[in-house]
Amino acid sequence: MKRAHMVVITLAAIVMTSFVYADGDANKSGSTVFTHSIPQKLATVSPVGNTTLLPGLIREALENNPEIQAAHQERTAAQQRIAPAEALDDPMLEAGVINAPLASSPFNREDMTMKMIGLSQRLPFPGKRGLRKEVASKDAQAIEYGYQETVNRVIHDLKTAYFDLGLTREIFQLVEKNRQTLEYFLRIAEERYQVGQGSQADVLKAQTQLSRMLDRLLELEREQPVFEAELMRALGRSTQTEVLVPVILHIQETPLSMEMLQQEAMLQRPQLLALQSLIARNEKSVDLARRASYPDFDVRISYGQRDNMLDGTRRDDMVSMTVAVNLPVWRGSKIEPRILESQALRDQAASLYQAQRNEVTARLRQQIAVAEQSLKSIKLYQTTILPQARLTVESALATYQVGRVDFLTLLDNQMTVFDFETNRITAIANYNKALAEIDWLVGKHVH
């Protein structure tokens, strides 16, 4: 019995000493991975394949995303409306007979009988055409900014889905490795229980934690297609033609100043610039509506050809020119309402601009706070919490080998390290997503 006990203890010591946390496994991105030496057939995790770089996906989205393409076509259409807004109305060509008597051979009986051809043109009151062009130009400018906002929003959605997918895959690998570790713990607990050196509670606790890992794997498997589908939507793909494998999550520390970022947002956020264009556009619309009080001009010139009289007397041809103006007398029922409408739209755009400006400021504060807190958490986990937790596991392992620490303490320490590692990876993803949100809020150009 004692010999069997010593064999079990020796086996447990050999297996437990094979689990180490290698600080040297911290990759260039700062993502430290928990490693352990276990048989190759158990250590294998589903291959991740070739990594997919984010810049390449951004280029693909810019080329293929249907929302971007639709916004581009809208921008093109708006630009084509500028020239027609300033153009004159089509001239009118007219032809006919004037003062023809109801008799045979009517063209040589009366002096005033003539064949007439004329041309007329409507000329707006000076300043109206220029205002129409300015209104169309501001419309096109607002739509241009709307196109840029669409591009930035799609890229923001792409980055968010990319980081979420990367987080899911990294946690999946971490959970898989932790599951393999727990399987070894379970075997040790079962063997100790069989020889009377452990309790059934140890076995049940290990089984519970192992079941927890299996459930987490199933949850991650459900989440991964969701983020992949979001990536496909942002890329403009109808089907998934390849497995997208994001690069290992890492941090690229970026200085964040609320004052500077707010100034950048006010100067270059397309959504705010579009609202400013709408304010200017509606201001021009007010001026144009007021110009409706001034008449337009219809200029007409005509030529009349007369035949000779019956006795051969020659009659000269005639030229006529007239100018007509419309009378804008329906001011109360037609002109004033249009002026008030344009003023209301101008004030609405101004209110929307202020509301959007306040929202941008608030969301900037939120995302800066998220980024700063995430960065602090990352540094705390990497420099203090994880090293201490790993030392705790190593200490528990050493004392467990000599029977001074129970199995549950060792298991809890291992799960604590797993939770801390999960929190660290999640904080890295949150930091990157916050930076993507900040780029979108300030209108950072990506193309």
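Not measured: the values here are computed from a predicted model.

### Quick word on the pattern of salt bridges
Next, step 1: This model, assessed by the stated rule, comprises 32 salt bridges.
Next, step 2: One salt bridge in this structure joins arginine 237 and glutamate 60, with 2.6 Å as the shortest N-O distance. Of this pair, arginine 237 sits in the loop between α7 (200-235) and α8 (258-268) while glutamate 60 sits in helix α3 (residues 54-64); the two residues are 177 residues apart in sequence, bridging distant segments of the chain. Exposure class is identical for arginine 237 and glutamate 60. Each is buried.
Next, step 3: Between aspartate 139 and arginine 281 there is a salt bridge, with its nearest N and O atoms 3.1 Å apart. Within this pair, whereas aspartate 139 is found in helix α6 (residues 128-194), its partner arginine 281 is found in helix α9 (residues 270-291), the two being separated by 142 residues in sequence.
Next, step 4: In the salt-bridge network here, residues are joined through shared partners; they are Glu67, Arg153, Asp157, Glu230 and Arg233.

### A short note on the environment of tyrosine 147
Next, step 1: By the secondary structure assignment, tyrosine 147 is in helix α6.
Next, step 2: Each C-alpha atom, one on tyrosine 147 and one on alanine 71, is 5.1 Å from the other, the two residues being 76 residues apart in sequence.
Next, step 3: With near-sequence residues (within four places) excluded, tyrosine 147 lies in contact with Ile68, Ala71, His72 and Arg75.

### With respect to α7
Next, step 1: Helix length check: α7 (36 residues) gives 53 Å between terminal C-alpha atoms against 52 Å at 1.5 Å per residue, within 8%.
Next, step 2: Just downstream of α7, glycine 236 is the residue with a positive phi angle, here 80°.

### With respect to the packing of α8 against α9
Next, step 1: Put simply, α8 and α9 touch, their axes get as near as 6 Å, and they point 45° apart. The orientation of α8 with respect to α9, classified from their angle, is oblique. Judged by residue contacts, Ala265, Met266, Leu267 and Gln268 of α8 engage Pro270, Leu272, Leu273 and Gln276 from α9.
Next, step 2: By residue class, the composition of the contact of α8 with α9 is six nonpolar, two polar and no charged.

### Overview of α8
Three or four residues apart is the spacing at which side chains of an α-helix point the same way, because the helix has 3.6 residues per turn.
Next, step 1: Looking at α8, one finds that the buried residues are Met258, Leu261, Ala265 and Met266. Down the axis of α8, the sector holding all buried residues measures 140°, keeping them to one side. Exposed side of α8, more than 90 degrees from the buried face: Glu259, Met260 and Leu267 are the residues found there.

### Structural notes on the side chain of serine 277
Next, step 1: One can find serine 277 in helix α9.
Next, step 2: Apart from the residues within four sequence positions on either side, serine 277 is in contact with Lys138, Gln141, Ala142 and Tyr145.

### Digging into the confidence of the model for the chain
Next, step 1: When the pLDDT values of the chain are averaged, the result is 84; 87% of them are 70 or greater.
Next, step 2: Residue range residues 1-49 is modelled with pLDDT below 50. Its contacts to residues more than four positions away, or to other chains, number 84 contacts.

### What about the nonpolar core?
Nonpolar side chains tend toward joint burial in soluble globular proteins.
Next, step 1: If you look at the biggest cluster of nonpolar residues, it comprises 64 residues, and the most contacted ones within it are Leu158, Leu231 and Leu364.
Next, step 2: Secondary structure elements with two or more residues in this core: α3, α4 (66-79), α6, α7, α8, α9, α10 (331-401) and α11 (407-442).
Next, step 3: No other element matches α6, which puts 18 residues into this core.
Next, step 4: Look past the residues within four positions of leucine 364 in its chain and what remains in contact with it is Met258, Leu261, Gln262, Ala265, Ile438, Leu441 and Val442.
Next, step 5: Of all hydrophobic cores here, the second largest spans eight residues; its members include Leu386, Ala389, Ala396 and Leu397.

### Description of the environment of arginine 237
Next, step 1: Judged by relative accessible area, arginine 237 falls into the buried class, the value being 16%.
Next, step 2: Here the alpha-carbon distance between arginine 237 and glutamate 60, two residues 177 residues apart in the chain, equals 9.6 Å.
Next, step 3: Among all residues touching arginine 237, those that are not within four sequence positions of it are Leu57, Glu60, Met232, Glu242 and Leu244.
Next, step 4: Polar contacts involving the side chain of arginine 237 include one to the side chain of glutamate 60, which spans 2.6 Å.

The rules we used
- Residues numbered from 1 in each chain as written.
- Predicted model: local features only at pLDDT ≥ 70, side-chain atom pairs only at ≥ 80, totals over all residues.
- Heavy atoms only, no water.
- Salt bridge = Lys/Arg side-chain N within 4 Å of Asp/Glu carboxyl O.
- Helix = DSSP H or I, 4+ residues; strand = E, 2+ residues; numbered from the N terminus.
- Buried < 20%, exposed > 50% of the residue type's maximum accessible area, 1.4 Å probe, protein only.
- Contact = heavy atoms within 4.5 Å.
- Expected span 1.5 Å × (residues − 1).
- Axes fitted to C-alpha atoms, helices over the stretch in contact; angles between N-to-C directions.
- Parallel < 35°, antiparallel > 145°, perpendicular 65-115°, else oblique.
- Nonpolar A, V, L, I, M, F, W, Y, C, P; charged D, E, K, R; others polar.
- Arc of directions from axis to C-beta.
- pLDDT = per-residue confidence, 0-100.
- Core = buried A, V, L, I, M, F, W, Y, C linked by side-chain atoms within 4.5 Å.
- Polar contact = N/O pair within 3.5 Å; in protein donor to acceptor, adjacent residues only side chain to side chain.

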